[in-house]
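Here is how the chains run, residue by residue.
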Amino acid sequence: MFLLSPLDWVLIEHWKNSGVPLEAVLRGIDAAFEKWQTRRNRTQMVNSIAYCTQAVTTEAKAMAEGIPVASKQPAPPFSLEDLQAHLERTANALRALGIAESADSLDHLRRDAEVHYRDLEQLEQRLTALEDKLVASIRTRATEEQLFAARRDVDSQIRPYRSKMSAEQLSMLERQLLERRLLEDARLPRLSLFYLR
């Protein structure tokens, strides 16, 4: 088992934002680790989720082409009560910061949590849309100096990886790290189910 690095989180968010189905991600991760376990020489340890990228891409392509896969429905990674607590906690945090409209949206989702619990992928899409709206609002209210400081910080985090990533990957990483920094600076909670604790 390994801890996810910030780059791993960016890769996971990229899959999510690209519309890669959660089932394809889970199947890809399982396939990558099954392949690793069957190798005779396992001297190289898996220390990044990036190890699973090719398998996830393969599974997503198979799903998009409608190739049937015999698989059982995976159990939800958390309970309904955990989901309700996450939605309530984030709504209360937003309300305390004076963001009543978004807090009301989360309250509405919490009231219908049983329905949403059956389709977590769709719920994640709703939460992402709500978070995108919050980030856009933060950007418009931020001063030029705040945005400059955030970009400078993000650039210093990315600098060691510039030669190892494509322009598209760097652009995506920069955008996601900047959004994360703006949310942290505004003390806004992350709404995604990835942050459910």
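Now for a quick tour of the structure. Since we're looking at a predicted model, the values are computed, not measured. (Residues numbered from 1 in each chain as written. Predicted model: local features only at pLDDT ≥ 70, side-chain atom pairs only at ≥ 80, totals over all residues. Heavy atoms only, no water.)

**Overview of the nonpolar core**
Generally speaking, nonpolar side chains in soluble globular proteins are found buried as a group. Stated formally: Here, the term nonpolar core denotes a set of buried Ala, Val, Leu, Ile, Met, Phe, Trp, Tyr and Cys residues that are joined through side-chain atoms within 4.5 Å. Only protein chains enter the accessibility calculation, which uses a 1.4 Å probe; a residue whose area is less than 20% of its type maximum is buried, one above 50% is exposed, and one in between is partly exposed. Each helix is a run of H or I in the DSSP string that is no shorter than four residues. Each strand is a run of E no shorter than two, and both are numbered from the N terminus. Here, two residues are considered to be in contact whenever any of their heavy atoms come within 4.5 Å of each other.
Ranked by internal contacts, the top residues of the largest apolar core, which has 33 residues, are Leu 83, Leu 94, Leu 106, Leu 123, Leu 127, Leu 191 and Leu 193. For this core, the secondary-structure elements that each account for two or more residues are α4 (80-96), α5 (100-111), α7 (120-141), α8 (144-158) and α9 (167-185). When neighbours within four sequence positions are excluded, Leu 123 is seen to be in contact with Leu 83, Leu 109, His 116 and Leu 193. Membership of the second largest hydrophobic core comes to 13 residues, among which are Ile 12, Trp 15, Val 20 and Val 56.

**Describing the pattern of salt bridges**
Selection rule: In what follows, salt bridge is the name for a side-chain nitrogen of Lys or Arg lying within 4 Å of a carboxyl oxygen of Asp or Glu.
A full pass over the atoms with the stated rule returns 15 salt bridges. A salt bridge links Arg 27 to Glu 23; the shortest N-O distance between them is 3.2 Å. With a gap of four residues between them, Arg 27 and Glu 23 both fall in helix α2 (residues 22-38), about one helical turn apart. Relative accessible area serves as the criterion here: at 29%, Glu 23 is assigned to the partly exposed category. Several salt bridges converge on common partners, so that one network encompasses Glu 13, Glu 131, Arg 180 and Arg 190.

**As for α7**
Cut-off, in case you're wondering: One less than the number of residues in a helix, times 1.5 Å, gives the span that helix is expected to have.
Look at α7: 31 Å from first C-alpha to last across 22 residues, which is about the 32 Å you get at 1.5 Å a residue. Burial in α7 covers these residues: Leu 120, Leu 123, Glu 124, Leu 127, Thr 128, Leu 130, Glu 131, Leu 134, Val 135 and Ile 138. The inward-facing, buried residues of α7 contact α1 (6-17), α4, α5, α6 (113-117) and α9.

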